[in-house]
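Remarks on the overall topology
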Amino acid sequence: MSSIAAGRQRPLSPNLCREYRMIISKAPVRISLGGGGTDLASYYSKFGGFLIAGGIDKYIFICINQRFERSIKLSYSKTEVVENVDQVQHKIFREALRLAGVENQVELSSIADVPANCGLGSSSSFTVALLTALRSYTRDFASLRELAEEACRIEIDILGAPIGKQDQYMAAFGGVTALTFDTDGTVHVEPLRMSGGKLVELEYNIGLFYTGIERSASDILSSQNQKTLEDDQGVIERLHGIKQIGLETRRLFEKGDLDSFGELLHQHWKTKKKLSTAISNPFIDEAYEEALRAGALGGKIMGAGGGGFFMFYCPGTKAKVIQRLSAMGLRYFPFRFDFEGAKIVANLRK
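Residue numbers run consecutively from 1 along every chain, following the written order of its sequence. In view of the model being predicted, local features appear only for residues whose pLDDT reaches at least 70, and side-chain atom pairs are presented and counted only at 80 or more, with totals across whole chains, interfaces and linings using the full set of residues. Values reported for side chains reflect all heavy atoms of the structure, with hydrogen atoms and water molecules removed beforehand.

**What about the overall build of the protein?**
Helix and strand counts for the protein stand at eleven helices and twelve strands. By the compact-globule yardstick of 20 Å for 350 residues, the protein fits well, its C-alpha radius of gyration being 20 Å. Here's how the labels work: a residue is buried when its accessible area is under 20% of the maximum for its type, exposed when over 50%, partly exposed in between, all with a 1.4 Å probe on protein chains only. Going through the 350 residues of the protein one by one, you find that 55% of them count as buried. Taking the intrachain contacts of the protein between residues at least 6 apart in sequence as the baseline, contacts between residues at least 24 apart amount to 75%. All accessibility values rest on the Shrake-Rupley procedure with a 1.4 Å probe; residue burial counts only the protein chains present in the view. About 14300 Å² of surface is accessible on the protein, with carbon and sulfur atoms providing 50% of the total. A positive count includes Lys and Arg, and a negative count includes Asp and Glu. His and the chain ends are not counted in either. Note that the charge is assigned to NZ on lysines, CZ on arginines, CG on aspartates and CD on glutamates. Separation between the mean location of the 43 positive side-chain charges and that of the 40 negative ones in the protein comes to 3 Å. Only DSSP runs of H or I with at least four residues qualify as helices, and only runs of E with at least two residues qualify as strands; both kinds are numbered from the N terminus onward. Radius of gyration: over C-alpha atoms. The globule rule applied is 2.2 Å multiplied by the number of residues raised to the 0.38 power. Residues are treated as being in contact if the distance between any of their heavy atoms lies within 4.5 Å.

Okay, here's the thing in structure tokens:
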């Protein structure tokens, strides 16, 4: 078992990183294409979960460098300079440093292509990118699965976030990917069997739009978690339905029937909205109807809901949908699929 996976604490050797000057890592964010919400333990531990998601070319970057001073410097939306790990305020930075055994004399900074609380799994992408950088820094390398599981451990087990395992695995693996969640928590990762032409068509016909609404997923997911744990039959039946939509999404993708996928998105959105009254609001409902009038076949809010990014499938009508939603104040956000996942993008040696 690796030192990080085992949580073994070990001080950073003064010579451990002397050969490195700077390391930069990145991990992609993701869009959920079908089955989202069934990756929470409250559901999959009873029924098993399944979903389809796609990593996209919007990233969280982490830069790490050995610091001359013995202190720790962290730069994100704030700047922290502290003497030891226990004084770090940023929870994920703190726990990742602890697991890596990096106690001092280090500088870390993060850069994001997307805002926080946007529904694209950026928090987990941050965690995976951070672990990737720390692994390289300490020369304690890991598989993509190990990185995903260590990110789950930090976010779910240590910090108690009411989230599932989708985001961590997609940040690690990328691609257009099927994730199956066994009742014991094991995650099976399968790239979809789609032709290159169909992948390009799918990418081209999806429109991603930022609503401008920042929201925290915690309240929505905490409520869903609690209701699932209490065997709320309404919530459980809707999650069953969403899982079936995920399975049908895989069948349609591998068959190449993308227009039917667009229609399935509409069904997904109607089912998802019934999970919580906080998932939509009058502005989101109005934007959705405007997109349908412009020719979109279906769509849904990414992540838990309430704001962040909207995704629509609009074959042959994308320009019109962009025009209509832009007039409402939504921001079109072009993307490509990412097939690399988490990686080191620079390792500059002295």
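**Quick look at the pattern of salt bridges**
By definition here, a salt bridge exists when the distance from a side-chain nitrogen of Lys or Arg to a carboxyl oxygen of Asp or Glu is within 4 Å. Tallied over the entire structure, the rule returns 20 salt bridges. Here E95 ties to R98 by a salt bridge, and the two come within 2.9 Å at their closest N and O atoms. Of this pair, E95 and R98 both sit in helix α2 (residues 91-100), separated by three residues, roughly a single helical turn. Given a relative accessible area of 8%, E95 falls into the buried group. Assessed through its relative accessible area of 27%, R98 is described here as partly exposed. With its nearest N and O atoms 2.4 Å apart, the salt bridge here joins E150 to R135. On the criterion of sequence distance, the pair formed by E150 in helix α4 (residues 144-158) and R135 in helix α3 (residues 122-137) is long-range, its members being 15 residues apart. For the pair formed by E150 and R135, the shared burial category is buried.

**Considering the packing of helix α9 (residues 258-273) against helix α10 (residues 282-293)**
For every element, the axis is a line fit to its C-alpha atoms; helices are fit only across the contacting stretch, and the angle between N-to-C directions ranges from 0 to 180 degrees. Where α9 meets α10, the closest approach of the two axes is 13 Å, and the angle between their N-to-C directions is 165 degrees. Classified by the angle their axes make, α9 and α10 are roughly antiparallel. The way α9 lies across α10 gives a crossing that is left-handed. Residues H266, W269 and K273 of α9 touch α10, and the partners they reach there are I284, D285, Y288 and L292. Polarity classes work like this: nonpolar for Ala, Val, Leu, Ile, Met, Phe, Trp, Tyr, Cys and Pro, charged for Asp, Glu, Lys and Arg, and polar for all others, with Gly in that last group. For the contact of α9 with α10, the residue count by class is four nonpolar, one polar and two charged. What sets the label is the angle itself: under 35 degrees gives roughly parallel, over 145 gives roughly antiparallel, 65 to 115 gives roughly perpendicular, and the rest give oblique. Each helix crossing is assigned a hand: it is left-handed if the near helix lies turned anticlockwise from the far helix by less than a right angle, otherwise right-handed if that turn is clockwise.

**Thoughts on the nonpolar core**
In these notes, a set of buried Ala, Val, Leu, Ile, Met, Phe, Trp, Tyr and Cys residues joined through side-chain atoms within 4.5 Å is what counts as a nonpolar core. The biggest cluster of nonpolar side chains holds 43 residues, and the ones touching the most others in it are I64, L97, V106, L108, L130 and L134. The biggest single contributor to this core is α3, with eight residues. I31, A178, M194 and L258 belong to the second largest nonpolar core, which has 29 residues in total.

**A word on helix α6 (residues 196-205)**
Along α6, the residues that are buried comprise L199, L202, E203 and N205. Structurally, α6 contributes buried residues whose contacts are with β6 (176-181), β8 (206-210), α8 (233-255), α9, β10 (309-313) and α11 (318-327).

**As for the environment of G262**
As for its position among the elements, G262 is in helix α9. Expressed as a C-alpha distance, the spacing of G262 and Y313, which sit 51 residues apart in the sequence, is 5.3 Å. In this structure G262 touches L297, G298 and Y313, once residues within four positions along its chain are discounted.

**Focus on the pairing of strand β5 (residues 106-112)**
Note: two strands are recorded as paired if DSSP finds a minimum of 2 bridges between them. Pairing geometry for strand β2 (residues 49-66) and β5, over seven bridges, is antiparallel. Bridge pairing in β5 links I62 to S110. Direction of pairing for strand β3 (residues 72-75) relative to β5: parallel, over a ladder of four bridges. If you follow S75 over to β5, its bridge partner there is S109.

**Considerations on the UniProt feature "domain: GHMP kinase N-terminal" (unreviewed entry) in the protein**
UniProt positions are given in the numbering used here, feature names are shortened, and annotations may be inferred rather than shown by experiment. In the numbering used here, UniProt assigns the "domain: GHMP kinase N-terminal" (unreviewed entry) feature to residues 97-175. Along residues 97-175, the helical share is 54% and the strand share 9%, with 28 Å between the first and last C-alpha atoms.

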